[in-house]
Every structure is written in structure tokens, then in C-alpha cells.
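# Examining the three-dimensional arrangement
One-letter residues, chain by chain:
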Number of protein chains: 2
Amino acid sequence: MAQTPPPTIADVARRAGVSKGLVSFALNDRPGVAPDTRRRILEAASDLGWTPNLRARSLSTGRSFACGLVVGRSTDVIAADPFFHSLIAGLEDVFATSGQVLVLAVATPGRQEAATYRSLAGDRRVDGVVLTDLRAGDERIALVQGLGLAAVTLGRPDVDSPFSSVSVDDGAGIRRAVEHLARLGHRRIAHVAGPSTMLHGQRRSDAFSSSAAEAGLEPIVVATDFSAAEGAEATRRLLAAEDRPTAIVYSNDHMAVAGLGVAQRLGLRVPDDLSITGFDDTDLGRHLHPALTSVATDARAWGRAAAQALLDTLSGAPESHIHLAEPTLVVRESTGPAPDHPRG
Amino acid sequence: MAQTPPPTIADVARRAGVSKGLVSFALNDRPGVAPDTRRRILEAASDLGWTPNLRARSLSTGRSFACGLVVGRSTDVIAADPFFHSLIAGLEDVFATSGQVLVLAVATPGRQEAATYRSLAGDRRVDGVVLTDLRAGDERIALVQGLGLAAVTLGRPDVDSPFSSVSVDDGAGIRRAVEHLARLGHRRIAHVAGPSTMLHGQRRSDAFSSSAAEAGLEPIVVATDFSAAEGAEATRRLLAAEDRPTAIVYSNDHMAVAGLGVAQRLGLRVPDDLSITGFDDTDLGRHLHPALTSVATDARAWGRAAAQALLDTLSGAPESHIHLAEPTLVVRESTGPAPDHPRG
DNA sequence: GCCGCCGACTAAACCGCTTTAGGTTTGAAC
DNA sequence: GTTCAAACCTAAAGCGGTTTAGTCGGCGGC
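Residues numbered from 1 in each chain as written. Chains lettered and ligands numbered in written order. Predicted model: local features only at pLDDT ≥ 70, side-chain atom pairs only at ≥ 80, totals over all residues. Heavy atoms only, no water.

Let us now look at the overall build of chain A. Helix and strand counts for chain A come out as 13 helices and 12 strands. Scaling as 2.2 N^0.38, a compact globule of 344 residues should have a C-alpha radius of gyration of about 20 Å, whereas chain A reaches 26 Å, well beyond that. For the C-alpha atoms alone, the extent of chain A along its principal axes is close to 90 × 45 × 35 Å. Of all 344 residues assigned to chain A, the portion counted as buried reaches 54%. In chain A, of all internal contacts separated by at least 6 residues, the share reaching a separation of at least 24 is 67%. Of the roughly 14,200 Å² that chain A leaves accessible, carbon and sulfur atoms contribute 52%. For chain A, the distance from the average site of its 35 positive side-chain charges to the average site of its 40 negative ones is 7 Å. (Helix = DSSP H or I, 4+ residues; strand = E, 2+ residues; numbered from the N terminus. Rg over C-alpha atoms; globule rule 2.2 N^0.38 Å. Buried < 20%, exposed > 50% of the residue type's maximum accessible area, 1.4 Å probe, protein only. Contact = heavy atoms within 4.5 Å. Areas by Shrake-Rupley, 256 points an atom, 1.4 Å probe, with all protein chains shown as cover. Lys, Arg positive; Asp, Glu negative; His and termini not counted. Charge placed at Lys NZ, Arg CZ, Asp CG, Glu CD.)

In C-alpha cells, the structure reads:
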């Protein structure tokens, strides 16, 4: 059962009766090979079942044929956020079909985020990275640029960036949620936001404030770290207030679920006493009781677009900035007419 | 801002006044280098800020310094299962500190599972893979072996396997849940199981049946695909039955949450009318109302152990079979005394 | 009929590291 | 004072591709 070593281009060359160099030309579709010879070479290659040795190719071309995704230090972030899985699936949709591979690096307690990028770049593990969860004044932009990596950002950074970006107007999603609630007669609507240091957290929060203002409402905003625990805590505070809100717009589904738990625990009926909206349209949301009204973004499409943009960059395309379709609001059972304000 | 090319061992050799070969020996802690020379070489390397070029090393050693995790075809599987994130974090804990990298491959519609393994191996992308979600008669064992990859399995396969394994006795977790419920007086306990084609699904199901039998109960089992949707459907069927169960043991938290939704929708109070247990002890579970009683396995530790076992295999250690600590039952609010059977 | 040019192809260098086969000291043994 | 082995080190040959410099033959132009 001795594994015979896989054929190399030298074997192909021998079989086709040409030199190694010419084989390389033929296999890479480069000009300067007679049509007949090219055919012979390709035939020899397929006869032998030749497949390129990526390691060798990597060494001579200086490319890794791999892209990286670094997940921030808190594993809970990824564990809690189904968004990531859809994103990853989208990235893979594109990478898999173009011979790239996805390197997933989790910043661990022993190796912080910056070090992770450094090691990825230092070891020339990846040709580029996908930057998610952009932060205010995000240092990763400069870091990654300094490391000589290509990159694509999910959303547009607030600092100078040489990288392509793929954005979703999640603000529009929040806006829809607010409009939906206002239409149902809610006058006191609160927002349980993500951290203001995260660009998308801030963007959603801003969208909330401005659309609330447009509807003539006073915006009530509580910032959290996006975790279920803080979502629950924020909800407790909001509902304990004297003049408690009749609707809460959460910045993600997990917090909405936790908030729902808190409300029920306090004896409030959803949506009769309190309306709730989530963000991400998690699978779980539709199975809750009441089923969760949520803003749906197409994370997988986002991943696909980001991967494609990164590949384009790697093959020399100029910087681009893509905007994807606006998110939609999926109305289910967790939102209803404001109390004392039957739908007219 | 021209990036000066990173130093190579040739630069180090020149600076230390020795040959390339000796530098390689010194840097790899191999015998045959005079202590003084070794010191000089290491000094030269650190002066120059030399760092090994993994691509070159890969080519000459034939190793990738990367391990792979292939996620089955359904992206929902990963999206739905927080288990994966903890697992991945655990894998990374070990890989990151040993210069390995994790390649995550998602089998996409255009590239099925087997093809994914084939391409990973064909491109020599990884040195080994982690096999999760073992199935009955799992063909991946033979496939991976045939591809010449190293591997470690999560749990012990039911087919001949040359690979090391790391197991958790999840059956014991289910057993604890059943005992807990039996102690609370429940006599009709149902199990919403995973697919019987998945080894851990089957194992949990078996554990349920046997421990129910030991408690003198008739085991009621409904198989699902582990998804929230099927968990909800199974629950509906169980609760519609004439002689409906007073407690349901779910094979994962997601189905338990969905089941909770169904029960509430039917007007049943949990735990007064129906007790519910989950599996995985998801973060979300503790924020629900009622908070979910669940079996907690340490997925991260599992990942760490698996990664270590794989690295051991790669460095020539013999096959090993590790058993981790038994899972525990975290009792919260979703379980209570059986109806008409006050705790005594 | 000679020159020059172009297309097709070969030979060899190169990417940066590992590893093997030798070569040179050194020093102890006889 | 040889002899030999051990210790230390060098040179060079890989690993399997890509790429560059250059060779060769044939053809058109004058």
C-alpha cells in the first residue's frame, strides 16, 4: 500500500516529450505554446492525473491562495452570533469555487487580535483578510495595510482605508422597524443598541435616533456589548422605569430573545403590553412564542460579495465600494398595536 | 515605502559567517552545532528579525502546518449549533500556540463533502482533519485514510478506524436529565432525538431509552435532524397525543427552545404542565423564561483535546482514545415536579 | 542567398528552506 | 607520529513549481 508520490510537472514533461517550462506555460494558459503541443501536454497531465502542488506554487509565486478571517477575542461574540456562520458560508461559496481556502483564526487569551494578524501575515499564511465588526477609528486598517495584506471591509470604515468595502444599509433595517412600530401607534420606543465603538452598532443606533425623531418621538437608547446578558440587563432597566417603553428595538436577535425572557418574567405580555423587534432574523426567532419580528439581512450574500471583492483586489482590480440590497423587516408575532391605542 | 524583502536564512548565514545548512540546523535545535556558533546564529537571526518562510518550509518538509475542519453540507447545521463555535475556539487555543492554523471548509452546494476532503488533501492544504458529527458507518474514515491525511475523531466511530479519538460521554448527560425528571415524579418522559444516523444522536437516544427503562418508564422517542424546525414539529406531535408526556428531553438546546415555543403556544405552562431539558447549555438558554435546564458539555475543552491529539498524531504518537469529564446537568427553571405529583 | 525576426521551445536560475554527502579539524588512542 | 573517530561545518542537491535568458528553425524581404 505504498503511496506512489503524486506526479509532478517533470513527469508530465517527460510524457509529453517537452521541457518543464513549457508544461508550466501550457498549464497556465499562457501564449507561446503551439496549439498541438498544448493539447499534448494537457493530455499528458490528465493521463497522469497531475494536480498542481500548491506548496511549490506558493513558494514561487509568493501567493498563499488562502484568505483569513480573524474573530475577535471574545469567543462569545462568535458563539452568540449566527450572523458569522452565514457570513462564513457565503465566503466559502466563493472561495471554494476559486481554489482559495478560508483560514479561520480566533484571537485567544494568549494571542490577542493584533498578534493574530501579525502572525498570519508574518507566516505568509494568507493573501488577504476579511475585516468584520469595524470599530470606530479601527486600528486594524492601518495594521493590515502595514503588514502588506490585502483586505476587504464589511461596511465602510470611518478612517482612511485603501481597501474595498461591501456594505449593507443596516440603518435602513432599523428605520423600517421604527416605522413599523410607529405605525402601530407606539410613542415610547426604546433601542437596545450594540456598543458605540462598533460602527454597525453606532450606525443602527443613529438610524434609530433619527427615525424616531422623524416620527416625532424621543429616542431612548441603551448601549450594550451585543451579548444576551447585557441585552437582558438593559431590558430590565428599561422596563423598571416609571414611564416604560411600549416597544423595544433590539440591535440583534440574541438580545431580543433575552429581552423577551425578561419581559415575560415581569409578567408582561408580548406583544400586548410590549412589542419587540430583533435584528438578523435568526432561525430560532421564528420558533419562539411569540415568533420574533426581525430585520433580515442576507449575511450569506454579504459573505459572497466580500469574498469576491477580495479576490478582485488580489487580481489587481481597483478599490471598489459595493452596497448590497437593503435589509427587510420580517413581521411576526412579537409586534402589535400599542397598548391603549387599538389599531385603527 | 518599498517593502524590503524579509531576511532569509542566507542573510542570517552571511551575517553569522556560516553556511545556510548550519543555520537551518541551529534554528531547528538540532545537534551538531557548537554551542558558541549556535548562539551566534540565533543572535544574527534575531538581529535581522528573521522569521521562517512557511511556504519554503512547507515545500521542503512536505507539511502544511495547518489542520482542517470540514463542516457538513447544511450551513444551518453550523449556524444553528453554538457547539461549533466553542469547539473551534478550543481547537484554536491549541493550534494558535503551536504554529498551526485552522482551515475551515464548508461543503457548499457546488462542492459536496467528499469533494471537499479530496480537494483539501489534493492541494496538500492540511496535514490533518478533525472529524465531527460522526455518522453510522461513516465513510469519511476510509476516505480520509485513503487520502493519506491524519485525523482525529470526536467520539469513537462504529467502523474500524486508525485514528485517535476524543470522546465525551454525552449519554451520561442524558441519563442525568432523565434521572432528574424521574426524581421529580415524571412518569411519561419523551425524548426529541437527533438523527439516528448520527452517532451522538443515536448515543443520546440509547442512553435515554436505557435510563428510562431503568426508571421503569416507557421510552418515547421522536427522531429529528437536530433543527429547530423539526424540534418544533416533534413537540407538536408529542403534545397532541392523547396521553401526552409531562417532560421532554431534547437532544440540543435549539430544539428545546423551539419546543418551549410550541408548548407555550398551546397554552401549557413550563414547568408546571411540562418540564423541558436541553443539551449544550447554550448561553441563550439561561436568559429564556423559564430559564432552560440543560446538559452542559465543555465543548471548548473538547476542541482543545482534539487539537492536541491531532498534533500528537502528526508528530508520530501512537493512536490514543481519550475520554473527557462527564457532562453535568445544569438545573434551572424549565424543569419542575410532575403535574399532580407535588414534590415530596 | 543572406539577414533578421518571430514563434516555439529548452535550459537553467530561482523561490527559501531542509537534508544528505563530504570535508576539515581536533584530540584521544596506540 | 600516525590513525581514527567524533565533532563541526560546507557545498550542493533536492522539494515542485515559475520565469528568464537564450537556442533553434523557418520564413519573408531585399
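Continuing now.
The subject of this paragraph is the protein's contact with DNA strand D. Lining the immediate surroundings of DNA strand D are 25 residues, of which Ile9, Ser24 and Arg30 of chain A together with Ser19 and Thr37 of chain B lie closest. Sugar and phosphate atoms form 63% of the subset of DNA strand D atoms that lie within 4 Å of the protein. Within the contact set of DNA strand D, a phosphate oxygen lies 2.7 Å away from a backbone nitrogen or oxygen of Ile9 of chain A. Separating a sugar or linking oxygen of DNA strand D from a side-chain N or O atom of Ser60 of chain A is a distance of 3.2 Å. Broken down by secondary-structure element, the contributors of at least two residues to the surface near DNA strand D are α2 (20-27) and α4 (54-61) of chain A together with α4 (54-61) of chain B. (Near = heavy atom within 4 Å. Polar contact = N/O pair within 3.5 Å; in protein donor to acceptor, adjacent residues only side chain to side chain.)

Another aspect to go through is helix α1 (residues 9-16) of chain A. All names here are of chain A. The set of residues buried in α1 consists of Val12, Ala13 and Ala16. Viewed along the axis of α1, the buried residues span an arc of 100 degrees, placing them on a single side of the element. Residues of α1 that are exposed and angled more than 90 degrees away from the buried face: Arg14 and Arg15. Packing partners of the buried residues in α1 comprise α2 and α3 (35-48). Two residues or fewer after α1 comes Gly17, characterised by a positive phi angle close to 70 degrees. (Arc of directions from axis to C-beta.)

What follows is about the protein's contact with DNA strand C. Thr37 of chain A together with Ile9, Lys20, Ser24 and Arg30 of chain B are the nearest of the 26 residues found near DNA strand C. Between DNA strand C and Trp50 of chain B there is a distance of 3.1 Å, counted from a phosphate oxygen to a side-chain nitrogen or oxygen. Between a phosphate oxygen of DNA strand C and a main-chain N or O atom of Asn53 of chain B, the distance comes to 3.2 Å. Within the residue set of the surface near DNA strand C, elements represented by two or more residues are α4 of chain A together with α2 (20-27) and α4 of chain B. When the residues that make up the surface near DNA strand C are grouped by side-chain class, the tally is 10 nonpolar, 13 polar and 3 charged. (Nonpolar A, V, L, I, M, F, W, Y, C, P; charged D, E, K, R; others polar.)

Residues and elements named next belong to chain B. Most of strand β1 (residues 66-71) is tucked away, with 6 of its 6 residues classed as buried. What you see with β1 is no split at all: Ala66, Gly68 and Val70 on one side and Cys67, Leu69 and Val71 on the other are buried throughout. Looking at chain direction, β1 and strand β2 (residues 101-106) are connected through 6 bridges and run parallel. Opposite Gly68, over in β2, you have Val103 as the bridge partner. Of the strand pairs in this sheet, β1 and strand β3 (residues 128-131) are connected by 3 bridges, and their pairing is parallel. Across the sheet, the residue bridging to Gly68 is Val129, located in β3. (Pairing = 2+ DSSP bridges.)

So, about the side chain of Asp273 of chain B. When you line up the elements, Asp273 of chain B lands in the loop between α12 (253-265) and β9 (275-279). Setting aside residues up to four positions removed in sequence, Asp273 of chain B forms contacts with Arg244, Thr246, Gly267, Leu268 and Pro339 of chain B.

Our focus in this paragraph is helix α11 (residues 228-240) of chain A. All names here are of chain A. For α11, which comprises 13 residues, the first-to-last C-alpha distance of 18 Å matches the rise-based estimate of 18 Å (1.5 Å per residue) to within 8%. Listing the buried residues of α11 in full gives Ala228, Gly231, Ala232, Ala234, Thr235, Leu238 and Leu239. Buried residues in α11, looked at end-on, bunch into an arc of 165 degrees, giving them a common side. Of the surrounding elements, those touching the buried residues of α11 are β6 (189-193), β7 (220-223), β8 (247-250) and α12 (253-265). (Expected span 1.5 Å × (residues − 1).)

The partner chain A presents 62 residues to the 62 residues of chain B that form the contact. Where chain B abuts chain A, roughly 5,100 Å² becomes buried across the two surfaces, and 57% of that area is made up of carbon and sulfur atoms. When the area that chain B buries against chain A is broken down by residue, the three leading residues are Arg55, Arg124 and Arg125 of chain B, summing to 16%. Viewed at the interface, chain A and chain B are joined by 4 salt bridges. Ionic pairing is found between Glu333 of chain B and Arg265 of chain A, a salt bridge with its closest N-O pair at 2.7 Å. In this assembly, chain B and chain A are joined by 23 residue pairs in polar contact (both at pLDDT 80 or more). Where the side of chain B that touches chain A is concerned, the elements lending two or more residues are α4, α5 (75-80), α6 (83-96), β2, α7 (113-122), α11 (228-240) and α12 of chain B. Split by residue class, the side of chain B that touches chain A holds 30 nonpolar, 19 polar and 13 charged. As paired strands, strand β2 (residues 101-106) of chain A and β2 of chain B are joined by 3 bridges and run antiparallel to one another. If you follow Leu102 of chain A over to β2 of chain B, its bridge partner there is Leu104 of chain B. (Buried area = accessible area lost by both parts, 1.4 Å probe. Salt bridge = Lys/Arg side-chain N within 4 Å of Asp/Glu carboxyl O.)

Now for the sheet that holds strand β10 (residues 293-296) of chain B. Paired through backbone hydrogen bonds, the strands of a sheet run either parallel or antiparallel to each other. All names here are of chain B. If you trace the 6 strands from one edge of the open sheet to the other, you get β7-β6-β8-β9-β10-β12, paired in mixed fashion. What marks the edges here is a single partner per strand, and that holds for β7 (220-223) and β12 (328-330). Taking the axes of each pair of neighbouring strands and ignoring which way they run, one obtains an average angle of 20 degrees across the sheet. Each of β6 (189-193), β7, β8 (247-250) and β9 touches helix α10 (residues 199-214); the most contacted strand, β6, lies at about 170 degrees to it. (Axes fitted to C-alpha atoms, helices over the stretch in contact; angles between N-to-C directions.)

Further remarks concern the relation of the copies chain B and chain A. Expressed as a screw transformation, the operator carrying chain B onto chain A has a rotation angle of 180 degrees and an axial translation of 0.0 Å, and the superposed copies differ by an RMSD of 0.1 Å. Seen this way, the second copy is the image of the first under a two-fold rotation axis. Closest approach to the rotation axis within chain B is made by the C-alpha atom of Val103 of chain B, at a distance of 2.3 Å. An overlap of 100% is found between the interface residues of chain B and their copies at the interface of chain A, pointing to a shared contact surface. (Least-squares fit on C-alpha atoms with pLDDT ≥ 70 in both.)

Moving on, we get to the sheet that holds β7 of chain A. All names here are of chain A. Taken together, 6 strands build an open sheet; the order of strands is β7-β6-β8-β9-β10-β12 and the sheet is mixed. Two strands close off the open sheet at either side, each with one partner strand: β7 and β12 (328-330). Looking at each pair of strands side by side, their axes are set apart by 20 degrees on average, direction ignored. Pairing between strand β10 (residues 293-296) and β12: 3 bridges, direction antiparallel. Looking across to β12, one finds that Ser294 is bridged to Val330. Sitting on the sheet, helix α10 (residues 199-214) touches β6, β7, β8 and β9 (275-279), and the angle it makes with β6 is about 170 degrees. Contacting β6, β8, β9 and β10, α12 runs over the sheet at an angle of about 155 degrees to β9.

With that settled, the discussion passes to the domain arrangement of chain A. Per the domain assignment, the segments of chain A are domain 1 (9-52), domain 2 (66-168 + 299-326) and domain 3 (170-296). Put simply, the middle of domain 1 of chain A and the middle of domain 2 of chain A, counted by C-alpha atoms, are 36 Å apart. (Domains from an automatic or database assignment.)

Here we take up the environment of Leu91 of chain B. Residues and elements named next belong to chain B. Position of Leu91 among the secondary structure elements: in helix α6. For Leu91, a relative accessible area of 0% puts it in the buried group. In the structure, Leu91 is positioned 53 residues away from Arg38 in sequence and 34 Å away in space, judged by C-alpha atoms.

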